[in-house]
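Residue-level structural notes
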Amino acid sequence: MNEEELPSLHDNIILSYEVDLENNRIRMRTRSSHAVPKNMDVLFSGVMAHAFDIPLHGSIILDLDEWDIEHFIPYNRELLESGKGSGWPVNYDSYDELQIRLIEEKYKYMVISSSYGLNGWVLAKGIDISVQESGERDDG
């Protein structure tokens, strides 16, 4: 599925998320609140880093958008400063070096905004959203 064809997550409730550090993936499980509920899984792959704030029970997604990678450093400068000494999100000598790496390695800056609860971002190389119409989930 191409990013341009991703289904909307607007008003979906976040059921859970799993950060798989070993395989550089994050899976977020959501359920739409429309007349016919759909379970929708968001899989971020090739994850370099993420930051989620306010993970409340019943968190509702307003939107999931890809922002220009050039916005990542200015919008996260304080977080980058606090993590730089420990090699987060990766080792780098300057912001220019980090930005060039993000662009050359084709990272996407995916921003999750919320109506209520969890919001944040993911730096990942890929994103896929799978939809289960019946409300049943394939846990395989």
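Summary of the structure given here. Positions within a chain are numbered from 1, following the residues in the order the chain's sequence is written. Owing to the predicted nature of the model, reporting of local features is limited to residues with pLDDT of at least 70; listing and counting of side-chain atom pairs is limited to 80 or more, with chain, interface and lining totals taken over all residues. Where side-chain values are given, they derive from all heavy atoms of the structure, hydrogens and water being excluded.

**Side note on the packing of aromatic side chains**
- In this scheme Phe, Tyr and Trp rings, the latter by its six-membered ring, pair at centre separations within 6.5 Å, and the angle between planes marks the pair as stacked below 30 degrees, edge-to-face above 60, and tilted otherwise. Taken as a whole, this structure holds eight aromatic pairs when the rule is applied.
- Centre to centre, the rings of Trp88 and Trp121 are 6.1 Å apart; their planes meet at 50°, and the pair counts as tilted. With Trp88 in the loop between α2 (77–84) and α3 (95–104) and Trp121 in strand β7 (residues 119–124), this pair connects stretches of sequence that are 33 residues apart.
- Residue class for Trp88 comes out partly exposed when judged on its relative accessible area of 24%.
- One aromatic cluster is present, built from ring pairs that chain together Trp67, Phe72, Tyr75, Trp88, Tyr109 and Trp121.
- Above the face of the Tyr92 ring, Lys84 is positioned so that its terminal group lies 5.1 Å from the ring centre. Here a helix means four or more residues in a row that DSSP labels H or I, a strand means two or more in a row labelled E, and each is numbered from the N terminus. Per-residue accessibility, obtained with a 1.4 Å probe over protein chains only, is compared with the maximum for each type, and a residue is labelled buried under 20%, exposed over 50%, and partly exposed between these values. In this scheme, Lys NZ or Arg CZ marks a charge over a ring once it lies within 6 Å of the ring centre and within 35 degrees of the ring normal.

**Looking at the pairing of strand β6 (residues 108–116)**
- In this analysis, strands are considered paired if DSSP registers two or more bridges between them. In terms of strand pairing, strand β5 (residues 60–67) meets β6 through seven bridges, oriented antiparallel. When the sheet's bridge partners are listed, Asp65 is paired in β6 with Val111.
- Where β6 folds back on β7, the antiparallel hairpin that results is connected by two residues, among which Gly117 adopts a positive phi of roughly 85°.

**What about the pattern of salt bridges?**
- By definition here, a salt bridge exists when the distance from a side-chain nitrogen of Lys or Arg to a carboxyl oxygen of Asp or Glu is within 4 Å. All told, the structure shown has four salt bridges when counted by the stated rule.
- Put simply, Asp20 and Arg25 hold a salt bridge, and the shortest N to O gap is 3.3 Å.
- On the basis of relative accessible area, Asp20 is assigned to the buried category, the value being 17%.
- On the accessibility criterion, Arg25 (35% relative accessible area) is partly exposed.
- Of the charged contacts in the structure, one is a salt bridge between Arg29 and Asp41, with a shortest N-O distance of 3.9 Å. Here the residue Arg29 occupies a position in strand β2 (residues 25–31), and Asp41 occupies one in strand β3 (residues 39–45), the gap between them amounting to twelve residues. Accessibility classification places Arg29 together with Asp41 in one group, the buried group.
- A single network of salt bridges, built from pairs that share partners, joins Arg27, Arg29 and Asp41.

**Digging into unusual backbone geometry**
- With omega at -5°, the peptide bond leading from Trp88 into Pro89 counts as cis.
- Note that Pro89 resides in the loop between α2 and α3.
- The backbone of Asp11 shows a phi angle near 70°, a positive value even though the residue is not glycine.
- Residue placement: Asp11 occurs in the segment before β1 (13–20).
- Using a relative accessible area of 30% as the deciding quantity, one classes Asp11 as partly exposed.
- One non-glycine residue, Asn24, lies in positive phi territory at about 55°.

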